[in-house]
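Coordinate analysis (summary)
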Amino acid sequence: MKKIIALLLCVVTLFALCACTAEEPVDEPEETESVDEYAPVSFENHGKDITVKEMPQKVVTAGPNCTELFCALGLSDMVIGKCMSNHSIGTLEELSDDYYSIPDIAVGYPTYDQLAESGCDFLCTTDWIFGEELTIKSLENAGITVFVMNSDSIGDMYGDIRTIAKIFDVSSEAEELISADAAEISDIAVVLPEEPLRVLVLDSFFGDKLYVTGAYGYENELINSAGGVNVFADLENDWDAVSLEDVVDADPDFIIIHDYQGSDYNEKLNLIQENPELSQLECVKSGRILCVPLENTFPGVRCSLTVEMIATAMYPDLF
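Just so you know, these numbers come straight off a predicted model, no measurement behind them.

What counts, and where the lines are drawn
- Residues numbered from 1 in each chain as written.
- Predicted model: local features only at pLDDT ≥ 70, side-chain atom pairs only at ≥ 80, totals over all residues.
- Heavy atoms only, no water.
- Patch = residues over 30% accessible without salt bridge, like charges linked within 9 Å, V, L, I, M, F, W, Y side chains within 5 Å.
- Areas by Shrake-Rupley, 256 points an atom, 1.4 Å probe, with all protein chains shown as cover.
- Salt bridge = Lys/Arg side-chain N within 4 Å of Asp/Glu carboxyl O.
- Lys, Arg positive; Asp, Glu negative; His and termini not counted.
- Charge placed at Lys NZ, Arg CZ, Asp CG, Glu CD.
- Helix = DSSP H or I, 4+ residues; strand = E, 2+ residues; numbered from the N terminus.
- Polar contact = N/O pair within 3.5 Å; in protein donor to acceptor, adjacent residues only side chain to side chain.
- Contact = heavy atoms within 4.5 Å.
- 1 Å grid on protein atoms, 1.4 Å probe; cavity = no way out; pocket = protein on both sides within 12 Å on 5 of 7 lines; lining within 4 Å.
- Points joined across faces, edges and corners; volume = space filled by probe spheres on them.
- Nonpolar A, V, L, I, M, F, W, Y, C, P; charged D, E, K, R; others polar.
- Pairing = 2+ DSSP bridges.
- Core = buried A, V, L, I, M, F, W, Y, C linked by side-chain atoms within 4.5 Å.
- Buried < 20%, exposed > 50% of the residue type's maximum accessible area, 1.4 Å probe, protein only.
- Arc of directions from axis to C-beta.
- Axes fitted to C-alpha atoms, helices over the stretch in contact; angles between N-to-C directions.
- Parallel < 35°, antiparallel > 145°, perpendicular 65-115°, else oblique.
- Left-handed = near helix turned anticlockwise from the far one by under 90°.
- Right-handed = clockwise from strand over helix to strand, strands pointing away.

1. Observations regarding a negative patch on the surface
Together, Asp 208, Glu 245, Asp 246, Asp 249, Asp 251, Asp 253, Glu 277 and Glu 282 give the surface a local cluster of negative charge. With three residues, helix α9 (residues 244-250) is the single largest residue contributor to the negative patch. Tracing the chain through its elements places Glu 277 in the loop between α10 (265-274) and α11 (282-285).

Written as structure tokens, this is what we have:
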């Protein structure tokens, strides 16, 4: 009898152990998704310290130079709209497919409503668009990060490109672009003469005055890098009006004329050639005049292209 009872106890114990084993949870490795966290990007722009905590998803560009930069960095798919193409005479051929695939939110200057209603969360722009109604603060209050491309030098412009590239995680593309651009400018500098040519930059005519480039640092550095110096670089404003007498007294060696919609190069050239005073300048008599698209004078991907254009025109025997 004792043997039977002992046998029954063994059986009961065995079943109990099996039951406990079946109910005991099994430790399995947790499934984890590999998600790259966005590293916040902090920078200074338009006099403010800014931190972007999440990658922007919907970009608007205000200015052909801003639009071209995003296309050159391979970011055109993120640009939902562009503005201020009203003065442009056309984008670079290699960027044209991407550039013209971006719809125009405003052909000219955008309004606050147009930008706010676009749904954008990032605006890359020149500082021309701002005024009493459209301000950086109003756009920031609407949840839009504002980045102003307003470089005073080529070095500053490279810095802006690096910041934008970091925000959108395309730093390697930016470094490739910057490296190629800087190398071309360095190659040009090697062959330039020590004595720079004196350059007049004509934007447009205002009655009997000429509206010229003055203290605008970025365009002046383009000219300097091409072996020239702006005869009106010491003016107080970036662009300002000067008299015919001022131009004649400056006696430039070379003239650059901005070309853009609404201010045609050929019309301005004719006015110079037909003017009794300007037509007597030696540079006019010898045809030392260059047409430069206005968008070439803004910070962006046309930097070395513009330097080469000016240097080649001023020193044809060296290139």
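2. A closer look at the side chain of Glu 68
Relative to the elements of secondary structure, Glu 68 occurs in helix α2 (residues 64-72). Looking at Glu 68, its side chain comes within polar contact range of the side chain of Thr 91, at 2.8 Å. For Glu 68, the contacting residues outside a window of four places in its chain are Thr 91, Leu 92, Leu 95, Tyr 99, Val 301 and Arg 302.

3. So, empty space enclosed by the protein
One way to see where empty space is left: roll a probe the size of a water molecule over the atoms. Per the stated rule, a full pass over the model turns up two cavities of 30 Å³ or more. In this structure, the largest cavity spans a volume of roughly 110 Å³. Contributing to the lining of the largest cavity are Gly 63, Pro 64, Asn 65, Met 84, Asn 86, His 87, Ser 88, Thr 126, Trp 128, Leu 294, Glu 295 and Phe 298. Looking at the lining of the largest cavity residue by residue, the class counts come to five nonpolar, six polar and one charged. Here the second largest cavity is characterised by a volume of approximately 30 Å³. Around the second largest cavity sit Glu 219, Leu 222, Ile 223, Ile 256, Val 292, Thr 297, Thr 306 and Ile 310, which together line it. Elements with a contribution of two residues or more to the lining of the second largest cavity: α8 (217-225) and α12 (303-314). Looking at the lining of the second largest cavity element by element, the count peaks at three residues for α8. Taken together, the residues that form the lining of the second largest cavity break down as five nonpolar, two polar and one charged.

4. Things to note about the pairing of strand β9 (residues 209-213)
Sheet topology places strand β8 (residues 197-206) next to β9; four bridges connect them, and they run antiparallel. Bridging across to β9, Ser 204 finds its partner in Tyr 211. Counted along the chain from β8 to the antiparallel partner β9, the turn is two residues long, and its residue Gly 207 has a positive phi close to 60 degrees. Taken together, the five bridges between β9 and strand β11 (residues 239-243) define a ladder with antiparallel strand orientation. Its bridge partner lying in β11, Thr 213 is registered against Trp 239.

5. Describing the nonpolar core
Within the largest apolar cluster, 59 residues are counted, with the highest numbers of intra-cluster contacts made by Phe 70, Ile 164 and Phe 168. Here the element with the most residues in this core is helix α6 (residues 154-167); it accounts for seven residues. When neighbours within four sequence positions are excluded, Phe 70 is seen to be in contact with Val 59, Thr 61, Leu 75, Ser 76, Val 79, Phe 122, Cys 124, Ile 164 and Phe 168. Membership of the second largest hydrophobic core comes to 20 residues, among which are Leu 200, Ala 250, Ile 272 and Leu 278.

6. Topic: α10
Buried within α10 are the following residues: Tyr 265, Lys 268, Leu 269 and Ile 272. The arc enclosing the buried residues of α10, seen along the axis, measures out at 100 degrees, which places them on a common side. Projecting away from the buried face of α10 at angles above 90 degrees are the exposed residues Glu 267 and Glu 274. Buried-residue contacts for α10 involve β8, β12 (254-259), α11 and β13 (289-293). The N-cap of α10, judged by a side-chain oxygen 3.0 Å from the amide nitrogen of Asn 266 a few residues on, is Asp 264.

7. Let's talk about the packing of α6 against helix α7 (residues 171-191)
Running from amino to carboxyl end, α6 crosses α7 at an angle of 165 degrees, the nearest separation of the two axes being 8 Å. Judged by the inter-axis angle, α6 sits roughly antiparallel to α7. The hand of the α6/α7 crossing is right-handed. When α6 is examined against α7, the residues Ile 154, Tyr 158, Ile 161, Arg 162, Ala 165 and Lys 166 are found in contact with a partner set consisting of Ser 171, Ala 174, Glu 175, Leu 177, Ile 178, Asp 181, Ala 182 and Ile 185.

8. Describing the pairing of strand β3 (residues 59-62)
Here β3 shows no split at all, with Val 59 and Thr 61 on one side and Val 60 and Ala 62 on the other all buried. Sheet analysis places β3 next to strand β4 (residues 79-83), joined by four bridges and oriented parallel. Opposite Ala 62, over in β4, you have Cys 83 as the bridge partner. Handedness of the β-α-β unit built from β3, α2 and β4 comes out right-handed. Where β3 meets strand β6 (residues 122-125), four bridges bridge the pair, whose relative direction is parallel. Looking across to β6, one finds that Val 59 is bridged to Phe 122.

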